[in-house]
Amino acid sequence: MSRPRVVILGAGYAGLKTAKELSKKNVEADIVLVNKNDYHYESTQLHEVAAGTEPASKITFNIVDVIDTKKVEFIKDTVIKVEKDDKKVLLENNGELSYDYLVMALGFESETFGIPGVDEFSLPLVNIKTAEAAQAHLDKMLSNYQQSKNELDLSIVVCGAGFTSIEYLGEITNRIPKLAKTMNFPMDKVKITCIEAMPTLLPMFSEKLGQFGIDVLKKRGVTFKVGTPIKEIKENTVVYEENGELKEVHAHTIIWTTGVKGSHVVGESGFAERRGRVMVEKDLRVEGYSDIFMIGDVSAVMDEESGRPFPTTAQIAIKQGEAAANNLARLLNNQPTEAFTFKSLGTVASIGNNVGMGQILGGKEVKGYMGSIVKKSIINKSLLDVGTAGTLLKKGRFDYYH
Ligand code: FAD
């Protein structure tokens, strides 16, 4: 009798953790991991690549270097669709792949909220390609100024003021003053605007902590527009609403970081989803499909305590990967599955390289340099979860001072 086949789609935090954990368990199964690239990237650090403070090589590593290739077959390919009633996956280059158990972990994409012009005229930060494109564009515009003397070359608009936007602003406000010296542009002509629809900034933190972060960025020259929903992006222009009036801000660099949704493959495969996310059962399987686990940013998991789904984070994606591997092993060994549980270790944002802020276990708040150290420790722990101790060493992650 042939062994059951477990297919894992996506080698982000959730999928890679599932593959690594399942390969360590005592199971009689063939494990196949599919990912569109042959590398894993730390999506939590994309803002650094986009701002140009770190190269892509610092936040990427080869998937086959961290999995047990005797137990996990890796296929580099793009998933087109899951045909769940026929138990098969359609791949762009390798045709059909059948499964007995499936783990969907295809992660996030940029959310445009249907706002016109976003895809055409702004730059998202969702993977290595888009982050590198944003960095190349920003550098090109800033260096153009010397010849053009067009102030729009030095104008940057960041759309949205969520976690990603704040972390990106932290990085560019660290780097641009250094570029001003090498590219020879005047810092007093640099204009950085951040536009947010919601009436409050950083609502995930206490008011005092949120204000700390905003003050750091304001001191570095960022102007915030709050309670001002973006209505349209045109070429070099962001149109937003303020006090019932449409207004415009002009810039040659427009960064789109208003939020994310789950992979489009989820909807195209006919799952009951909302913004690319499927509400999963307690053991992380999809209702009506006892052979399919949905984890990471394509899933929504109810937090019994708050009565609302958990936010989608790398922290939860890693824990879901662990839980999915555990439940797969139980199913393969004819045991009942277990309910997923999650306790957040806290939420910490970086504001450039040496400043951070957030709340850690027990509700304790950290900020400033200590916040930065805590943030780097959390990111290193995630890297250790999906990579190896060798990955951490190779990436030079023990430098907390620069
Ligand atoms: P992903 O990390 O998105 O991985 C999905 C994988 O699937 C990728 O390898 C992708 O290439 C692959 N893939 C996608 N589509 C296909 C396809 N069709 N075929 C084949 N392969 C495919 N979370 C935190 O906990 N802490 C933070 O500090 C934090 N900071 C963040 C900062 C930024 C700038 C961003 C953008 C996100 C941040 N997050 C943070 C959120 C976190 O990155 C996500 O929640 C996390 O990446 C989700 O993990 P995942 O495995 O579900 O998906």
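Right above here is the structure, for reference.
Keep in mind that this is a model prediction, so the values were computed, not measured.

Rules behind the numbers
Residues numbered from 1 in each chain as written. Predicted model: local features only at pLDDT ≥ 70, side-chain atom pairs only at ≥ 80, totals over all residues. Heavy atoms only, no water. Phe/Tyr/Trp six-rings, centres within 6.5 Å; stacked < 30°, edge-to-face > 60°. Helix = DSSP H or I, 4+ residues; strand = E, 2+ residues; numbered from the N terminus. Near = heavy atom within 4 Å. Polar contact = N/O pair within 3.5 Å; in protein donor to acceptor, adjacent residues only side chain to side chain. Areas by Shrake-Rupley, 256 points an atom, 1.4 Å probe, with all protein chains shown as cover. Nonpolar A, V, L, I, M, F, W, Y, C, P; charged D, E, K, R; others polar. Salt bridge = Lys/Arg side-chain N within 4 Å of Asp/Glu carboxyl O. Core = buried A, V, L, I, M, F, W, Y, C linked by side-chain atoms within 4.5 Å. Buried < 20%, exposed > 50% of the residue type's maximum accessible area, 1.4 Å probe, protein only. Contact = heavy atoms within 4.5 Å.

Please set out the packing of aromatic side chains residue by residue, giving values where relevant.
Following the criterion strictly, the structure yields five aromatic pairs and no others. Between Phe163 and Phe205, the ring centres sit 6.3 Å apart and the planes meet at 40°, which makes this aromatic pair tilted. Taken together, the residues span a long stretch of sequence, with Phe163 in helix H5 (residues 163-183) and Phe205 in the loop between strand S13 (191-196) and helix H6 (207-219) at a distance of 42 residues. For the pair Phe310 and Phe342, a centre-to-centre distance of 5.2 Å together with 85° between the ring planes defines the contact as edge-to-face.

Provide a residue-level description of the site of the ligand, including the pertinent values.
Around the ligand sit 31 residues in total, of which Ser43, Val79, Asp297, Ala314 and Lys375 are the nearest. Within the backbone of Val79, a nitrogen or oxygen atom sits 2.8 Å from a nitrogen atom of the ligand. Backbone polar atom of Ala314 to an oxygen atom of the ligand: 2.9 Å apart, as the coordinates give it. Burial of the ligand by the surrounding chains reaches 92%, relative to a free accessible area of 990 Å². Listed by contribution, the elements that provide at least two residues to the shell around the ligand are helix H1 (13-23), H5 and helix H8 (314-332). Here the shell around the ligand is composed, by residue class, of 12 nonpolar, 14 polar and five charged.

Residues and numbers for the pattern of salt bridges, please.
One pass over the structure, following the stated rule, counts 20 salt bridges. Glu242 is paired through a salt bridge with Lys247; the nearest N and O atoms lie 2.9 Å apart. Here Glu338 makes a salt bridge to Arg330, at a shortest N to O gap of 3.4 Å. When salt bridges with common partners are traced through the structure, they connect Lys17, Glu21, Lys24, Lys381 and Asp385 into a single cluster.

Residues and numbers for the nonpolar core, please.
Grouped together as the largest cluster of nonpolar side chains are 64 residues, with contacts concentrated most on Leu9, Leu33, Val34, Val89, Leu102, Met104 and Met294. With 11 residues, H8 is the largest single contributor of residues to this core. For Leu33, the contacting residues outside a window of four places in its chain are Ile8, Gly10, Ala11, Gly15, Leu16, Ala19, Ile63, Ile67, Val72, Glu73, Phe74 and Ile75. Membership of the second largest hydrophobic core comes to 44 residues, among which are Leu154, Phe205, Ile351 and Met357.

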